[in-house]
Amino acid sequence: MDQRDQQQTVPADGEETALRRAVSGRLLFVFILGDVLGAGIYALVGEIAGEAGGAIWVPMLVALGLSLLTAASYAELVTKYPRAGGSAVFAERAFGRPVVSFLVGFCMLAAGVTSAAGLALAFAGDYLSVFLDVPAVPAALVFLLVVALVNARGIKESVRANVVMTVVEVSGLVLVVVLGAIVLGRGDGDPGRVVEFPEGVSAGSAVLAAALLAYYSFVGFETSANVAEEVQDVRRVYPRALFGALLTAGVVYVAVGLVASVVLPADELSASSGPLLAVVQATGIGVPDQLFSAVALVAVANGALLTMIMASRMVFGLAEQRLLPPALGAVLPGRRTPWVAIVLTTAVAMALTLVGDLGDLANIVVLLLLLVFLSTNVAVLVLRRDRVDADHFTAPVVVPVLAIGSCLLLLWQQEGATWLRSGLMLLVGVALYALAQAPWWRGGSGRPDEVPAAR
């Protein structure tokens, strides 16, 4: 192993890592941006218009502020403890109970793998049918297999693929903004709609309801915590990449919201399952429908790849902590990617695609992620008493307090049936944790063996 490889396997906290440090600050920025600017914005604009009327940009700004609160907690904890495992590692350090760490990790896994299964079905549905008429489930399975192969090839290759896909999906959103500007330039559209709220509803209530929905369009930044062990100079570059990506996404979302309102009335946006495609069609400029279908496919594929990267790294981190069997922490000798974890998470995602309708599971995903965010925001306050020698990002104490309040507000909106289903999933997690305590499951008390040096 040459000197460069040795440097890449020693993180900023001084501990060795089996993973290759191959992600630069710029690649991390694109990684986060691509995860936040996912497939959601291509469908979410219409739903937000149904709540906020033409003032789509207002709840987008509010949602950006809510996401930045929790992002500050991630920036502090990742730069303080730059290890794979993300929220699960933070919970273990803060609360000192392995079962809490495991359940936080389990929530992330359940949410991530289920999201990937849903994205696979979305990829294989109406978007793909524009180009290829094939059964949805087999196409979804093949799609997940391709994602797994890219993931296994290496974090650098995966993030580079993310760069290409992010450029494509951002280009689609920029195209919407440019077409809207052309509409304004020729005197069409109605700029007055951008300050209109639904009749019979107060502006405050409309913005709050829409902001709770728009918040989910910013979810995805948390996955970056799980690749901290593979980022070069993580303590310096992580906060810049995280906040820069969220602010960039916020600017894009606000611009898209403004353009959508100018081009189409809120009722037409809310009635469409493909609101941005409806906006493009309404401009009358003649952009082919196939173009936006292709962009949507790329956006969905990008989200699935980043989600599966997160899930496999989460399994790797839990295996290193002996909260899952050590065998799940095995990495490819040459690529240094967690191949067993990739195989496992892909198999589970494939099984979920066979379930069919994942609508109810999507609601569970949202609730589980909010529980993870709540844990992380509490952890950042608890861990203020733990001092580390290295410099790291520190948020003002009021920020995590406000973040906790935002999570509780969003959890309050969940239905009882969603809480019940989520509770059953958490019981499965408790059962897995109990099994993990058995000697035959744990496979010994030491840490996993070091992998051979990369060549």
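Predicted model, so just to flag it, every value in this text is computed and none were measured.

**Quick notes on the overall build of the protein**
- In terms of helices and strands, the protein carries 18 helices and zero strands.
- Per-residue burial over the protein gives 53% buried out of 455 residues.
- Across the protein, every contact between residues at least 6 apart in sequence was considered, and the portion connecting residues at least 24 apart equals 83%.
- For the protein, the exposed area adds up to about 18,300 Å²; of that, 64% sits on carbon and sulfur atoms.

**Section: the side chain of N377**
- Along the chain, N377 turns up in helix 15 (residues 359-382).
- Take N377: its relative accessible area is 0%, and that puts it in the buried class.
- Not counting chain neighbours up to four residues away, the residues in contact with N377 comprise L69, T70, S73, P400, A403, I404 and C407.

**Looking at helix 2 (residues 25-36)**
- Spanning 12 residues, helix 2 covers 17 Å between terminal C-alpha atoms, matching the ideal 16 Å at 1.5 Å per step.
- When helix 2 is considered as a whole, its buried residues turn out to be L27, L28, V30, F31, I32, L33, G34, D35 and V36.

**Some thoughts on helix 12 (residues 275-283)**
- The complete set of buried residues in helix 12 reads P275, L276, A278, V279, V280 and T283.
- The positive-phi residue at the C-terminal boundary of helix 12 is G284, with phi of around 70 degrees.

**Points about the packing of helix 13 (residues 289-320) against helix 14 (residues 339-353)**
- In the contact formed by helix 13 and helix 14, the axes pass within 8 Å of each other and the chain directions differ by 125 degrees. Comparing the axis directions of helix 13 and helix 14 gives the class oblique. At the point where helix 13 passes helix 14, the crossing takes the right-handed sense. Taking contact as the criterion, the partners of M308, A311, S312, R313, V315 and F316 in helix 13 are, on helix 14, A341, I342, T345, T346 and A349.

**Considering the environment of A278**
- As for its position among the elements, A278 is in helix 12.
- Given a relative accessible area of 17%, A278 falls into the buried group.
- Separated by 18 residues in the primary sequence, A278 and A260 place their C-alpha atoms 9.1 Å from one another.
- When neighbours within four sequence positions are excluded, A278 is seen to be in contact with L264 and S272.

**A look at the nonpolar core**
- In this structure, L28, I32, Y74, F221, Y238 and L242 are the most contacted members of the largest nonpolar core, which totals 139 residues.
- Among residues more than four places away in sequence, those in contact with Y238 are L28, Y74, A75, V78, T79, F221, S224 and A225.

**Things to note about the layout of surface pockets**
- Estimated volume of the second largest pocket: approximately 380 Å³.
- Contributing to the lining of the second largest pocket are 20 residues, with F106, L109, A110, V348 and L432 lying nearest its centre.
- Mapped by element, the contributors of at least two residues to the lining of the second largest pocket are helix 6 (98-129), helix 13, helix 14 and helix 17 (416-436).
- If you tally residues by element for the lining of the second largest pocket, the top one is helix 6, at six residues.
- In terms of residue class, the lining of the second largest pocket is made up of 18 nonpolar, two polar and no charged.

**A look at the confidence of the model for the protein**
- Looking at the protein as a whole, its pLDDT mean stands at 80, while 86% of the residues score no less than 70.
- The element-level mean pLDDT for the protein is lowest in helix 1 (residues 3-8), coming to 40, with helix 4 (residues 57-80) highest at 92.
- Predicted confidence for residues 1-15 stays below pLDDT 50, and this span has 34 contacts to residues more than four positions away or in other chains.
- Counting contacts from residues 444-455, a segment whose pLDDT is below 50, to residues more than four positions away or on other chains yields 23 contacts.

**Observations regarding the packing of aromatic side chains**
- Tallied over the entire structure, the rule returns eight aromatic pairs.
- Consider the rings of Y74 and F373, whose centres lie 6.2 Å apart with planes at 85 degrees: the pair is edge-to-face. With Y74 in helix 4 and F373 in helix 15, this pair connects stretches of sequence that are 299 residues apart. The same class applies to Y74 as to F373, namely buried.
- Relative to Y253, the ring of F218 lies with its centre 5.0 Å away and its plane at 75 degrees, an arrangement referred to as edge-to-face. Placement of F218 in the loop between helix 9 (203-214) and helix 10 (234-263) and of Y253 in helix 10 is noted, with a sequence separation of 35 residues between them.

**Focus on the side chain of S312**
- With respect to the element layout, S312 can be found in helix 13.
- Using a relative accessible area of 0% as the deciding quantity, one classes S312 as buried.
- Here the side chain of S312 touches I309 through a polar contact of 3.0 Å, landing on its backbone oxygen.
- Residue contacts for S312: discarding those within four places in its chain leaves N151, P338, A341, I342 and T345.

**Examining a nonpolar patch on the surface**
- Together, V130, F131, L132 and V134 line one region of the surface with nonpolar side chains, adding up to about 330 Å² of accessible area.
- Here F131 shows up in the loop between helix 6 and helix 7 (136-153).

**Some thoughts on the packing of helix 10 against helix 12**
- As a packed pair, helix 10 and helix 12 sit with axes 10 Å apart at the nearest point and diverge in direction by 50 degrees. As the angle between them shows, helix 10 and helix 12 are arranged oblique. Regarding helix 10 and helix 12, the two cross each other, and that crossing is left-handed. On helix 12, the residues touching V256, V259, A260 and V263 of helix 10 are L276, V279, A282 and T283.
- Its residues assigned to classes, the contact of helix 10 with helix 12 shows seven nonpolar, one polar and no charged.

Conventions we followed
- Residues numbered from 1 in each chain as written.
- Predicted model: local features only at pLDDT ≥ 70, side-chain atom pairs only at ≥ 80, totals over all residues.
- Heavy atoms only, no water.
- Helix = DSSP H or I, 4+ residues; strand = E, 2+ residues; numbered from the N terminus.
- Buried < 20%, exposed > 50% of the residue type's maximum accessible area, 1.4 Å probe, protein only.
- Contact = heavy atoms within 4.5 Å.
- Areas by Shrake-Rupley, 256 points an atom, 1.4 Å probe, with all protein chains shown as cover.
- Expected span 1.5 Å × (residues − 1).
- Axes fitted to C-alpha atoms, helices over the stretch in contact; angles between N-to-C directions.
- Parallel < 35°, antiparallel > 145°, perpendicular 65-115°, else oblique.
- Left-handed = near helix turned anticlockwise from the far one by under 90°.
- Core = buried A, V, L, I, M, F, W, Y, C linked by side-chain atoms within 4.5 Å.
- 1 Å grid on protein atoms, 1.4 Å probe; cavity = no way out; pocket = protein on both sides within 12 Å on 5 of 7 lines; lining within 4 Å.
- Points joined across faces, edges and corners; volume = space filled by probe spheres on them.
- Nonpolar A, V, L, I, M, F, W, Y, C, P; charged D, E, K, R; others polar.
- pLDDT = per-residue confidence, 0-100.
- Phe/Tyr/Trp six-rings, centres within 6.5 Å; stacked < 30°, edge-to-face > 60°.
- Polar contact = N/O pair within 3.5 Å; in protein donor to acceptor, adjacent residues only side chain to side chain.
- Patch = residues over 30% accessible without salt bridge, like charges linked within 9 Å, V, L, I, M, F, W, Y side chains within 5 Å.
- Salt bridge = Lys/Arg side-chain N within 4 Å of Asp/Glu carboxyl O.

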